[in-house]
Amino acid sequence: MQTYFVTGGAGFIGTNFIQHCLKSQPDWRIVNLDALTYAGHAGNLDYYTEQMPERYRFVHGDINDSTLIERILKEEKPAGVFHFAAQSHVDRSIHGPLAFVEANVNGTCRLLMACQNLWDQMGRPSQFRFVHISTDEVYGSLGQEGFFTETTPYAPSSPYSASKAGSDHLVRAWHATYGFPTMVTNCSNNYGPYQFPEKLIPLMILNIIEEKQLPVYGDGLNVRDWLYVTDHCDALLEVLKKGTPGQTYCIGGGAERTNIDVVRQLCNIMDERLERKATQQSQRLIRFVSDRPGHDWRYAIDASKIYTELGWKPKFTFCDALKETVDWYLANRAWIDTIRSGEYRSWVEKNYKNREKAK
Ligand code: NAD
Ligand code: TYD
């Protein structure tokens, strides 16, 4: 049995990743450390806590708590680390940037120090890996043409992406300076089960269910490259197993869509699933609202490095995986009720109340 240390595993991608690993890697044990911010839900993994306590351990804690991290690492002596923990929502970073610097920059630095310390104490095992999960948003915005690659210069636009860029630089510096075996992954927009409904796809699904307005920023023509979370989890396993320390891997879904196209497609799927017979029933809820400040226009990834060097490719089509995502939310209303706390309602109020109609 090999132990892997996961940070932020009670969030969206971390939850999917832990479930994926516990199913597909029978000789893995996972220790998940998560601060349980508004975006973290330890209950996502209750099944594993109850059914396989020997393979899954949850620790409630902050990556900035060096004493705690050092104690857990000493107890567990993991074979590697997957670092997901972060403040992750662009709109929230506009309202409160400091929390992003504290979690994403300071937290990553403290985590690196603790992990490198352990690695040194263990005699620098050559198989050890630190996989840092980052975003394509560090590269800024594309125009009509071109794609992000591993060599695209960093040009972050939001406090979120700037703080993730800072964390990427630290992770790379730990390899260059200390020889610590880190790898950085920069992926495009994920979607799938357990995503907190502040992000575009789950927000729209929930609003369609409740027949609330569907707030599309600006003209809705911004483009994102959608990656199904299960494909992302597979890619991260390939990076761990076949990636080279010191390298960066861009991970994209190869599914570029404008926001308005995504929202319309969701409306159509949901009308069918909810048997809302009249054509385009949910599309009448679409409202173009004032734009996000600093809104990046287009993200798109050229993933040829991970295709050719590690043999990974996305398996899901956007259309099929979007339907699976919708079906998961429709089948998990109890999860939605649990996570939609008073904090969620006040966030929605804060972010959407004063968005006047777009001109
Ligand atoms: P999320 O917001 O759903 O989950 C983040 C998790 O981290 C939560 O469980 C939260 O409680 C935890 N956390 C936050 N601060 C912490 C701290 N200081 N200490 C310990 N735990 C803390 O985010 P996600 O969508 O699952 O994203 C995971 C990672 O992937 C992030 O680093 C994010 O930047 C990156 N990423 C996400 C996307 C996406 O589309 N969701 C795309 C590219 C990259
Ligand atoms: P989001 O899910 O916040 O991810 P990111 O900002 O990291 O790409 O947003 C995806 C796109 O959807 C982005 O262009 C902003 C847009 N958007 C809306 O139009 N309306 C919304 O209510 C939200 C949350 C996002």
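What counts, and at which threshold
- Residues numbered from 1 in each chain as written.
- Chains lettered and ligands numbered in written order.
- Predicted model: local features only at pLDDT ≥ 70, side-chain atom pairs only at ≥ 80, totals over all residues.
- Heavy atoms only, no water.
- Phe/Tyr/Trp six-rings, centres within 6.5 Å; stacked < 30°, edge-to-face > 60°.
- Helix = DSSP H or I, 4+ residues; strand = E, 2+ residues; numbered from the N terminus.
- Buried < 20%, exposed > 50% of the residue type's maximum accessible area, 1.4 Å probe, protein only.
- Pairing = 2+ DSSP bridges.
- Near = heavy atom within 4 Å.
- Polar contact = N/O pair within 3.5 Å; in protein donor to acceptor, adjacent residues only side chain to side chain.
- Areas by Shrake-Rupley, 256 points an atom, 1.4 Å probe, with all protein chains shown as cover.

Engineer: Quick rundown of the packing of aromatic side chains? Include the residues and the values.
Structural biologist: Following the criterion strictly, the structure yields 27 aromatic pairs and no others. Centroid distance Phe 128 to Phe 180: 5.8 Å. Interplanar angle 35°. Geometry classified as tilted. In this pair, Phe 128 is assigned in the loop between helix 5 (98-121) and strand 5 (129-135) and Phe 180 in the loop between helix 6 (159-178) and strand 6 (182-187), connecting sequence segments 52 residues apart. On the numbers, 5.2 Å between centres and 70° between planes, the contact of Trp 328 with Trp 335 is edge-to-face. Using a relative accessible area of 15% as the deciding quantity, one classes Trp 328 as buried. With a relative accessible area of 12%, Trp 335 lands in the buried category.

Engineer: Which residues make up the pairing of strand 4 (residues 80-83), and what values go with them?
Structural biologist: Judged by which residues are buried, strand 4 turns out to be covered on both faces: Gly 80 and Phe 82 on one side and Val 81 and His 83 on the other are all buried. In the sheet, strand 1 (residues 2-7) pairs with strand 4 via four bridges, with the strands oriented parallel. Within strand 4, the residue paired with Thr 7 across the bridge is His 83.

Engineer: Explain the site of ligand 2 to me, using residue names and the numbers behind them.
Structural biologist: For ligand 2, the set of nearby residues contains 18 residues, the closest of which are Glu 137, Arg 224, Arg 292, His 295 and Tyr 352. At a separation of 2.8 Å, an oxygen atom of ligand 2 approaches a polar side-chain atom of Arg 224. For ligand 2, whose accessible area on its own is 510 Å², the fraction buried by protein is 97%. Elements represented by at least two residues in the shell around ligand 2 include exactly helix 7 (200-209) and strand 8 (214-217).

Engineer: Can you lay out the site of ligand 1 for me, pointing to particular residues and giving the numbers?
Structural biologist: Taken together, the neighbourhood of ligand 1 is formed by 28 residues, with Ile 13, Asp 34, Ser 88, Tyr 160 and Lys 164 sitting nearest. At 2.6 Å, a side-chain N or O of Asp 34 approaches an oxygen atom of ligand 1. A distance of 3.0 Å separates a nitrogen atom of ligand 1 from a polar backbone atom of Ile 63. Burial of ligand 1 by the surrounding chains reaches 96%, relative to a free accessible area of 840 Å². Those elements that provide at least two residues to the shell around ligand 1 are helix 1 (12-24), strand 5 and helix 6. Considering each element in turn, the shell around ligand 1 owes the most residues, three residues, to strand 5.

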